[in-house]
Amino acid sequence: MFYDTESNAHGMAHDPFKAIVAPRPIGWIGSKGRDGSRNLSPYSFFNAVGDRPKMVMFSSSGRKDSLRNVEETGVFTASFVSRSLLDQMSASSAAVPYGEDEFALAGLTAAQGRLVDAPYVGEAVAALECRVTKVLTLPDMEGDETDSHAVFGQVVGIHIADAMIRDGRFDLAFAEPIMRLGYMDYAGMGPVFELRRPSQRT
Ligand SMILES: Cc1cc2nc3c(=O)[nH]c(=O)nc-3n(C[C@H](O)[C@H](O)[C@H](O)COP(=O)(O)O)c2cc1C
């Protein structure tokens, strides 16, 4: 089948787009308002987008509290979502009034960033501390503004739980990331395998 996205006539009960661009990592975005209030929410429009320097991005569909906070303070954190924190991650996505602390709501520890004044999930096995480099309201193909707002951040500090470092690597199989698929679906990680690039073969 084929459908154009203007008509969006896919004929299915739910739009398959997000199930095709999947799995996506979940950035658990921690931030603070100018008023000092804490915020925590999951974003699966999230990824690493550069490594020299290290850059991540999350995108807000509409103007949400995390976006407001990062515009106010210029910093955020992105915590790693392990399977053991699935329920807390889900609880933190609740639509609550601005200023309500989702760390408290989800029963999580708000750990204070070392290099940025933003909280991260103390129970997470890894977390990134980030400084905002750009907030980009995404233009569509006509150049008109959409209601998607991409926040780019430079990673200035990285927390890793010591227990997750095995043989000198961040052990993903042990960290058990949860990934977002389409619909109401999530996935854990399958077996890890190694593949060398042509230039790396001996
Ligand atoms: C796994 C997961 C991924 C999500 N990804 C996004 C996303 O990429 N962009 C977005 O705008 N909302 C996303 N949401 C919804 C937000 O988490 C939700 O709207 C939340 O209330 C926003 O919080 P805030 O207003 O405190 O920033 C996601 C929710 C879940 C559970």
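Worth saying up front: this structure is predicted, and the values here are computed from it rather than measured. (Residues numbered from 1 in each chain as written. Predicted model: local features only at pLDDT ≥ 70, side-chain atom pairs only at ≥ 80, totals over all residues. Heavy atoms only, no water.)

### Thoughts on the UniProt feature "domain: Flavin reductase like" (unreviewed entry) in the protein chain
Here is step 1 of the chain: Annotation from UniProt places "domain: Flavin reductase like" (unreviewed entry) at residues 19–173.
Here is step 2 of the chain: Each end of residues 19–173 is marked by a C-alpha atom, and these two atoms are 23 Å apart; helix forms 15% of the span and strand 48%. (UniProt positions renumbered as here; feature names shortened; annotations may be inferred. Helix = DSSP H or I, 4+ residues; strand = E, 2+ residues; numbered from the N terminus.)

### Here's the deal with the pairing of strand 10 (residues 145–160)
Here is step 1 of the chain: As paired strands, strand 5 (residues 54–61) and strand 10 are joined by 7 bridges and run antiparallel to one another. Paired with Phe58 across the strands is Val151, a residue of strand 10.
Here is step 2 of the chain: In this structure, strand 9 (residues 126–139) lies alongside strand 10, joined through 12 bridges in antiparallel fashion. Counted as the bridge partner of Thr137 is His149 from strand 10.
Here is step 3 of the chain: Taking the residues between adjacent antiparallel strands as the criterion, strand 9 and strand 10 are bridged by 5 residues, where Gly143 takes a positive phi near 90°. (Pairing = 2+ DSSP bridges.)

### Topic: unusual backbone geometry
Here is step 1 of the chain: Geometrically, the link from Ala22 to Pro23 is a cis peptide bond, its omega value of 0° lying close to zero.
Here is step 2 of the chain: Within the fold, Pro23 resides in the loop between helix 1 (17–20) and strand 1 (24–25).
Here is step 3 of the chain: A cis amide bond links Arg52 to the next residue, Pro53, at an omega of 5°.
Here is step 4 of the chain: Look at Glu176: it is not a glycine, yet its phi comes out positive at around 50°.
Here is step 5 of the chain: In this fold, Glu176 is placed in the loop between helix 5 (172–175) and strand 13 (179–180).
Here is step 6 of the chain: Classification of Glu176 as partly exposed rests on a relative accessible area of 40%. (Buried < 20%, exposed > 50% of the residue type's maximum accessible area, 1.4 Å probe, protein only.)

### Considerations on the sheet that holds strand 9
Here is step 1 of the chain: With respect to topology, 7 strands assemble into an open sheet ordered 3-2-6-9-10-5-4, the strand pairing being antiparallel. On the outer flanks of this sheet lie strand 3 (38–43) and strand 4 (46–51), each paired with one strand and no other. For this sheet, the mean angle separating the axes of adjacent strands, direction not counted, is 35°.
Here is step 2 of the chain: As paired elements, strand 4 and strand 5 share 5 bridges and run antiparallel to each other. Residue pairing in the sheet places Gly50 in a bridge with Met55 of strand 5.
Here is step 3 of the chain: Sitting on the sheet, helix 2 (residues 65–73) touches strand 2 (27–32), strand 3, strand 5, strand 6 (75–80), strand 9 and strand 10, and the angle it makes with strand 2 is about 50°. (Axes fitted to C-alpha atoms, helices over the stretch in contact; angles between N-to-C directions. Contact = heavy atoms within 4.5 Å.)

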